[in-house]
Amino acid sequence: VVSRVAVRGFSATAASKKDFLQDLYLKEIRGYKADPKASKADVTTKEFVAPKAAQAPKSDIDLEADIKSYEKNGVISQ
């Protein structure tokens, strides 16, 4: 008695297919020509100038007088 067994078929054509995107990518990479005009010697750069240091904000509040008033009177609640 011979029974039929489902066997997965193996296709040799799938292994021989080339990747279209890979071929296109490699063709473009091989065909790339660098621009002869652009060279590092032609590029001009500016000298680095450090930014000015920030100044502390000026305040019209007299802290010494406020501290003396606090020490003298304590906390004033309104």
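Bear in mind that the values here come from a model prediction, so they are computed numbers and not experimental data.

1. Side note on the overall build of the chain
Right, on to step 1. Along the chain, the regular secondary structure elements total 3 helices and 0 strands.
Right, on to step 2. N-terminal to C-terminal, the α/β element order of the chain is α-α-α.
Right, on to step 3. Every one of the 78 residues in the chain was classed for burial, and the buried ones make up 0%.
Right, on to step 4. Carbon and sulfur atoms make up 57% of the accessible area of the chain, which totals about 9,200 Å².

2. Some thoughts on the confidence of the model for the chain
Right, on to step 1. Put simply, the chain has an average pLDDT of 77, and 63% of its residues get 70 or more.
Right, on to step 2. In the model of the chain, helix α1 (residues 12-16) stands out as the element of lowest mean pLDDT, 53, in contrast to helix α2 (residues 20-31), which has the highest, 92.

3. Quick look at α2
Right, on to step 1. Taking 1.5 Å per residue as the helical rise, α2 with its 12 residues ought to reach 16 Å, and the 17 Å between its terminal C-alpha atoms agrees with that figure.
Right, on to step 2. Counting buried residues along α2, only 0 of its 12 residues qualify, which leaves the element largely exposed.

Reading the values: rules and limits
- Residues numbered from 1 in each chain as written.
- Predicted model: local features only at pLDDT ≥ 70, side-chain atom pairs only at ≥ 80, totals over all residues.
- Heavy atoms only, no water.
- Helix = DSSP H or I, 4+ residues; strand = E, 2+ residues; numbered from the N terminus.
- Buried < 20%, exposed > 50% of the residue type's maximum accessible area, 1.4 Å probe, protein only.
- Areas by Shrake-Rupley, 256 points an atom, 1.4 Å probe, with all protein chains shown as cover.
- pLDDT = per-residue confidence, 0-100.
- Expected span 1.5 Å × (residues − 1).

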